[in-house]
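The lines below spell out each chain.
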Amino acid sequence: MLPFKLIYSNDYYLPIGIHVFPAGKYRMVHDQLLATAVAEPSDFVTPQLASDQDILLVHTPQYVQKLKTGTLSPSEVMQMEIPHSPELVRAFWLAAGGSILAAQHALKDRVAFNIGGGFHHAFPDHGEGFCMIHDVAVAIRRMQRDGKIRTAMTVDCDVHHGNGTAAIFAGTRTPSDPLPSTSASMVGSAAGPPRAGKMRQAHTRDVFTISLHQHNNYPTWKPRSSIDVDLPDGIGDDDYLAWLDNALSSGLRQFEPDLICYIAGADPYREDQLGGLALSLEGLKRRDELVFRVACARNIPVMVTYAGGYARKVEDTVTIHCNTVIAAREVFAPPKGS
């Protein structure tokens, strides 16, 4: 038995037809976790649909009405890049319900997973980039509304910039000093300083957003996150981890979150069809371990969502997502005999 819960439903399947987004990956992750004995059936919890009131904590009434009535314009559907249907609307409402439930369990168990979600390109009034509803933002606002948390931090490691997240949580910004090229914990390491990249910083109020992404990739317009790490093409494991360590260290010096929402995209992988970074399977697991170790050391609960992953072999995407669960087990499992 895992020391945390995995939120999952067979209805997470997105009915989008033939598409670069592997709609069946959620069931494949579920099945592989069971087949490899990483998880037991009792580790999984089934979510409920988010309520319309939950969705309206983030999204505009006009947009929600269009989704519920199927009255999006052709250009709005094109921008979303997935075909609208009542079944798809239900799947996104369910993903948001899953992220709410994962956040609730994370506050109890220190970490929890939504085996789905991470739809970080959705804006309050429209969808983009395969994302209809921003489930992570909905979960944060629901936790804040219920008085469960006051502050949250999003740590977005999808290869694509979290533009919807940045826009939703823009808040009031003030300039801050640029980050050093290497954080204290990386000084003297074999990795050396990170390859040339750029970090941009600004403070926010109740939600602090970090986006670690390939600069020369979707979306073209990248609204400001609290910390944006614009990575060059082809960056590998050690340089990526150094930049991530920098961003986490800087963010947590500036901000004290009650909850971290980790968007653990599989698409920084070197064999990803929509990415241009060069992380290995092992490097991606080290990435997950770093996030979990930092959160565990500071006693900050972590809610995990999966976001993108478009490996040429879907089995690689599934392995990356399963490895995130394994990394959490290794970091958060109680010592034997305790």
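The shown structure was predicted, so the numbers you read here are calculated from the model rather than taken from an experiment. (Residues numbered from 1 in each chain as written. Predicted model: local features only at pLDDT ≥ 70, side-chain atom pairs only at ≥ 80, totals over all residues. Heavy atoms only, no water.)

A separate point is the packing of aromatic side chains. One pass over the full model with this rule turns up 15 aromatic pairs. Ring centres 6.3 Å apart and planes at 70° place the aromatic pair Tyr-8 and Phe-44 in the edge-to-face group. With Tyr-8 in the loop between strand E1 (5–7) and helix H1 (25–35) and Phe-44 in strand E2 (residues 44–45), this residue pair connects regions lying 36 residues apart in the sequence. Like Tyr-8, the residue Phe-44 is buried in the burial classification. Both rings, one in Phe-292 and one in Phe-332, keep their centres 5.8 Å apart while their planes meet at 70°; by these two values the pair is edge-to-face. In this pair, Phe-292 is assigned in helix H9 (residues 281–297) and Phe-332 in helix H10 (residues 314–332), connecting sequence segments 40 residues apart. Look at Phe-292 and you get buried, because its relative accessible area is 0%. The exposure class assigned to Phe-332 is buried, which follows from its relative accessible area of 3%. Taken together, the ring pairs connect Tyr-8, Tyr-12, Phe-21, Tyr-26, Phe-44, Phe-130 and Tyr-310 into an aromatic cluster. (Phe/Tyr/Trp six-rings, centres within 6.5 Å; stacked < 30°, edge-to-face > 60°. Helix = DSSP H or I, 4+ residues; strand = E, 2+ residues; numbered from the N terminus. Buried < 20%, exposed > 50% of the residue type's maximum accessible area, 1.4 Å probe, protein only.)

This part takes up the pattern of salt bridges. In total, this model carries 13 salt bridges according to the counting rule given. Note that Arg-141 and Asp-206 form a salt bridge whose closest N and O atoms lie 2.9 Å from each other. Here Arg-141 is found in helix H6 (residues 135–145), whereas its partner Asp-206 is found in the loop between strand E5 (198–201) and strand E6 (207–214), with 65 residues between them in sequence. Ionic pairing is found between Glu-271 and Arg-312, a salt bridge with its closest N-O pair at 3.4 Å. (Salt bridge = Lys/Arg side-chain N within 4 Å of Asp/Glu carboxyl O.)

To continue, consider the confidence of the model for the protein chain. Residue-level pLDDT values for the protein chain average 90, and 88% of them are 70 or greater. Taken together, the stretch residues 172–194 has pLDDT below 50 and engages in 45 contacts with residues farther than four places along the chain or on a different chain. (pLDDT = per-residue confidence, 0-100. Contact = heavy atoms within 4.5 Å.)

Inspection of the secondary structure puts His-126 in the loop between strand E3 (111–114) and H6. Looking at His-126, its side chain comes within polar contact range of the side chain of Asp-125, at 2.8 Å. Residues within four places of His-126 in sequence aside, it is in contact with Tyr-63 and Gln-79. (Polar contact = N/O pair within 3.5 Å; in protein donor to acceptor, adjacent residues only side chain to side chain.)

This paragraph deals with the nonpolar core. A general trend in soluble globular proteins is that nonpolar side chains are found buried together. Leu-6, Leu-14, Leu-33, Phe-113, Ile-133, Val-155 and Phe-292 are the most contacted members of the largest nonpolar core, which totals 110 residues. The biggest single contributor to this core is helix H5 (residues 86–109), with 13 residues. In this structure, Leu-6 is in contact with Leu-33, Ala-39, Asp-43, Phe-44, Val-45, Phe-113, Ile-115 and Val-325, ignoring residues within four places of it in sequence. (Core = buried A, V, L, I, M, F, W, Y, C linked by side-chain atoms within 4.5 Å.)

The next point concerns the packing of helix H8 (residues 237–254) against H9. Running from N to C, H8 and H9 point in directions that differ by 15°, and their axes come no closer than 10 Å. Put simply, H8 runs roughly parallel to H9. Viewed along their axes, H8 and H9 form a crossing whose handedness is right-handed. Residues Asp-237, Asp-238, Tyr-240, Leu-241, Leu-244, Asp-245, Leu-248 and Leu-252 of H8 lie in contact with H9, whose contacting residues are Gly-283, Arg-286, Arg-287, Leu-290, Val-291 and Val-294. (Axes fitted to C-alpha atoms, helices over the stretch in contact; angles between N-to-C directions. Parallel < 35°, antiparallel > 145°, perpendicular 65-115°, else oblique. Left-handed = near helix turned anticlockwise from the far one by under 90°.)

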